[in-house]
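Here are the chains, one letter per residue:
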Amino acid sequence: GRVELGARALHECAGATDVGELERLAEGLASLCGLARAPQRGAHGGGLIAGGYLGGRVAASRRRLAWFALACLGSGLLAALVFTARVSPWAAAALACGAAGLSRVAMVVTPLLVLERAGGSRTTATGLFAVSNQLGAFGGASVGGLMLALGGFPLVGGFCLGVALIAAGLIHLTVRESATF
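All values derive from a computational prediction rather than experimental measurement.

Colleague: Which parts of the structure should I look at to understand the overall build of the protein?
Modeller: Tallying secondary structure elements over the protein gives seven helices and zero strands in all. Listed by position from the N terminus, the elements making up the protein come as α-α-α-α-α-α-α. Of all 181 residues assigned to the protein, the portion counted as buried reaches 24%. Working note: accessible area of the protein is about 11,100 Å², and carbon and sulfur atoms make up 69% of it.

Structure (structure tokens):
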């Protein structure tokens, strides 16, 4: 059933060596689940480019923490809609583009915040940031695959929204603006 399919997907993803192999796996899983192939090539690429630009604007803003938290919430909400809303593949691609763009803001603002607070330990902070990214990519994909196997796409969407809420809460409660900004 679904658990076996999810376990197989996790096993295959762990053994994948290139993007083409992962795309073939995704196509196979989509056909097994009876899903039509949605427009995906480059669909989120525009969102990533726009998100990088937006991230630069947020990083330069005096209210960057508020904008950063808002971007986290927006990306979580759009990601939840991608997985739960019953919309056309094109609408899902547009939602995914928006989610990718808003989540990209974190990849611009977070290193800036880490380096500002690192003081004399900038190299250590940068290394730990890179390690946390890799662990997050592995752990997020693993947990997402498990949730897909156990509860389907709505559970994955709920997970995305939950992570975004936690991130926005942590930004609001623990991170303070730099005194020099």
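Colleague: Quick question: what am I supposed to make of the packing of aromatic side chains here?
Modeller: Taken as a whole and judged by the stated rule, the model has one aromatic pair. An angle of 10° between the planes, with centres 6.0 Å apart, marks the rings of F83 and F153 as stacked. You can see F83 sitting in helix α4 (residues 64-84) and its partner F153 sitting in helix α7 (residues 153-174), a full 70 residues away along the chain.

Colleague: How should I be thinking about the environment of V109 in this particular structure?
Modeller: Looking at where V109 falls in the secondary structure, it is placed in helix α5 (residues 89-118). Sequence spacing of V109 and G55 is 54 residues, and the spatial spacing of their C-alpha atoms is 6.3 Å. For V109, the contacting residues outside a window of four places in its chain are G55, V58, A59 and F68.

Colleague: Sorry, what's going on with the packing of α5 against helix α6 (residues 122-151) here?
Modeller: Interhelical geometry of α5 versus α6 gives an angle of 145° and a closest axis separation of 8 Å. For the pair α5 and α6, the crossing hand works out as right-handed. Contacts between α5 and α6 pair M107, T110, P111, V114, L115 and A118 from the former with R122, A125, T126, F129 and N133 from the latter.

Colleague: I keep staring at the packing of α4 against α5 and nothing clicks. Help me out?
Modeller: Between two packed helices, what matters for the description is the angle formed by their axes and the separation of those axes. The contact between α4 and α5 brings their axes to 8 Å, and the two run at 150°. Relative to α5, the element α4 is oriented roughly antiparallel. Note that α4 runs across α5; the crossing there is left-handed. Counted by class, the contact of α4 with α5 contains 17 nonpolar, five polar and two charged residues.

Colleague: Can you walk me through the pattern of salt bridges in this structure?
Modeller: In a structure, side chains of opposite charge can pair up when their charged atoms sit close to one another. Applying the stated criterion across every chain yields a total of one salt bridge. Residue R64 pairs with E116 through a salt bridge whose shortest N-O separation is 2.8 Å. A residue pair is termed long-range when its members are at least 10 positions apart, and R64 in helix α4 and E116 in helix α5 qualify at 52 residues. We classify R64 as buried; its relative accessible area is 0%. According to the relative accessible area criterion, E116 is partly exposed, its value standing at 31%.

Colleague: Help me out: how do you make sense of a nonpolar patch on the surface in this one?
Modeller: A grouping of W67, L70, L73 and L165 is seen on the molecular surface, where their side chains present a nonpolar patch of about 390 Å² in accessible area. The dominant element in the nonpolar patch, judged by the number of residues it contributes, is α4, at three residues. Mapped onto the fold, L70 is located in helix α4.

Colleague: For this particular structure, what's the right way to read the nonpolar core?
Modeller: The biggest cluster of nonpolar side chains holds 12 residues, and these are V58, A59, L65, F68, A69, A71, C72, V105, V109, L113, A168 and I171. Broken down by secondary-structure element, the contributors of at least two residues to this core are α3 (45-60), α4, α5 and α7. Looking at this core element by element, the count peaks at five residues for α4.

Colleague: What is the right way to read the side chain of S61 from this model?
Modeller: Position of S61 relative to the elements: it lies in the loop between α3 and α4. Of the polar contacts made by the side chain of S61, one reaches the backbone nitrogen of R63; its length is 3.1 Å.

Colleague: Where do I start with the environment of A85 in this structure?
Modeller: Checked against the element boundaries, A85 lands in the loop between α4 and α5. Exposure remark for A85: the relative accessible area of 30% places this residue in the partly exposed category. Sequence separation between A85 and P154 is 69 residues, and the spatial gap between their C-alpha atoms is 8.7 Å.

About the thresholds
- Residues numbered from 1 in each chain as written.
- Predicted model: local features only at pLDDT ≥ 70, side-chain atom pairs only at ≥ 80, totals over all residues.
- Heavy atoms only, no water.
- Helix = DSSP H or I, 4+ residues; strand = E, 2+ residues; numbered from the N terminus.
- Buried < 20%, exposed > 50% of the residue type's maximum accessible area, 1.4 Å probe, protein only.
- Areas by Shrake-Rupley, 256 points an atom, 1.4 Å probe, with all protein chains shown as cover.
- Phe/Tyr/Trp six-rings, centres within 6.5 Å; stacked < 30°, edge-to-face > 60°.
- Contact = heavy atoms within 4.5 Å.
- Axes fitted to C-alpha atoms, helices over the stretch in contact; angles between N-to-C directions.
- Left-handed = near helix turned anticlockwise from the far one by under 90°.
- Parallel < 35°, antiparallel > 145°, perpendicular 65-115°, else oblique.
- Nonpolar A, V, L, I, M, F, W, Y, C, P; charged D, E, K, R; others polar.
- Salt bridge = Lys/Arg side-chain N within 4 Å of Asp/Glu carboxyl O.
- Patch = residues over 30% accessible without salt bridge, like charges linked within 9 Å, V, L, I, M, F, W, Y side chains within 5 Å.
- Core = buried A, V, L, I, M, F, W, Y, C linked by side-chain atoms within 4.5 Å.
- Polar contact = N/O pair within 3.5 Å; in protein donor to acceptor, adjacent residues only side chain to side chain.

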